[in-house]
Amino acid sequence: MLIVELDFNHPIEGNELIHEQHNQFLKKYYENKTFMTSGPKHSNTGGIIVAGNISRVQLEEILKEDPYWQNGIAQYRIIEFSSTIVSSDLGVFFQEEIS
């Protein structure tokens, strides 16, 4: 399993077109079952993508398609790990956040 941490090089406010293109990039890889979950960091300084069933080399090539990468908006850090224990109630963690 792989976790991608994106850190913005500069604020993306006012860059709705590139943000929408980034969302289309994500959608493509959700549809083919490469990405498992993603979202912005609460600090609004970047985001996280979790990918499964793919090698680091493959993921590095995929990330080059991201408009954030192509436009120099974000830096990427890939963390590889082996998921050895999984909650039987995994879906509970993806429900609406409690405030």
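Residues numbered from 1 in each chain as written. Predicted model: local features only at pLDDT ≥ 70, side-chain atom pairs only at ≥ 80, totals over all residues. Heavy atoms only, no water.

Enquirer: Help me understand the packing of aromatic side chains in this model?
Expert: By the definition in use, this model includes six aromatic pairs. One aromatic cluster is present, built from ring pairs that chain together Phe25, Tyr29, Tyr30 and Phe35. (Phe/Tyr/Trp six-rings, centres within 6.5 Å; stacked < 30°, edge-to-face > 60°.)

Enquirer: Whenever I open this one, a nonpolar patch on the surface confuses me. Can you help?
Expert: A grouping of Val86, Leu90, Val92, Phe93 and Phe94 is seen on the molecular surface, where their side chains present a nonpolar patch of about 540 Å² in accessible area. The class of Phe94 is exposed, set by a relative accessible area of 53%. (Patch = residues over 30% accessible without salt bridge, like charges linked within 9 Å, V, L, I, M, F, W, Y side chains within 5 Å. Areas by Shrake-Rupley, 256 points an atom, 1.4 Å probe, with all protein chains shown as cover. Salt bridge = Lys/Arg side-chain N within 4 Å of Asp/Glu carboxyl O. Buried < 20%, exposed > 50% of the residue type's maximum accessible area, 1.4 Å probe, protein only.)

Enquirer: Before we go on, may I ask you to explain the pattern of salt bridges in this structure?
Expert: Close approach of charged atoms lets side chains of opposite charge pair. The tally for this structure, following the rule as stated, stands at eight salt bridges. Across the pair Glu5 and Arg77 runs a salt bridge whose closest N-O atoms are separated by 2.7 Å. In this pair, Glu5 sits in strand 1 (residues 2-8) while Arg77 sits in strand 4 (residues 74-80), placing the two residues 72 residues apart along the sequence. On the accessibility criterion, Glu5 (17% relative accessible area) is buried. Close ionic contact of Lys28 with Glu65 constitutes a salt bridge, the shortest N to O distance being 3.0 Å. With Lys28 in helix 1 (residues 16-31) and Glu65 in the loop between helix 2 (56-63) and helix 3 (67-70), this residue pair connects regions lying 37 residues apart in the sequence. A relative accessible area of 33% means that Glu65 is categorised as partly exposed. (Helix = DSSP H or I, 4+ residues; strand = E, 2+ residues; numbered from the N terminus.)

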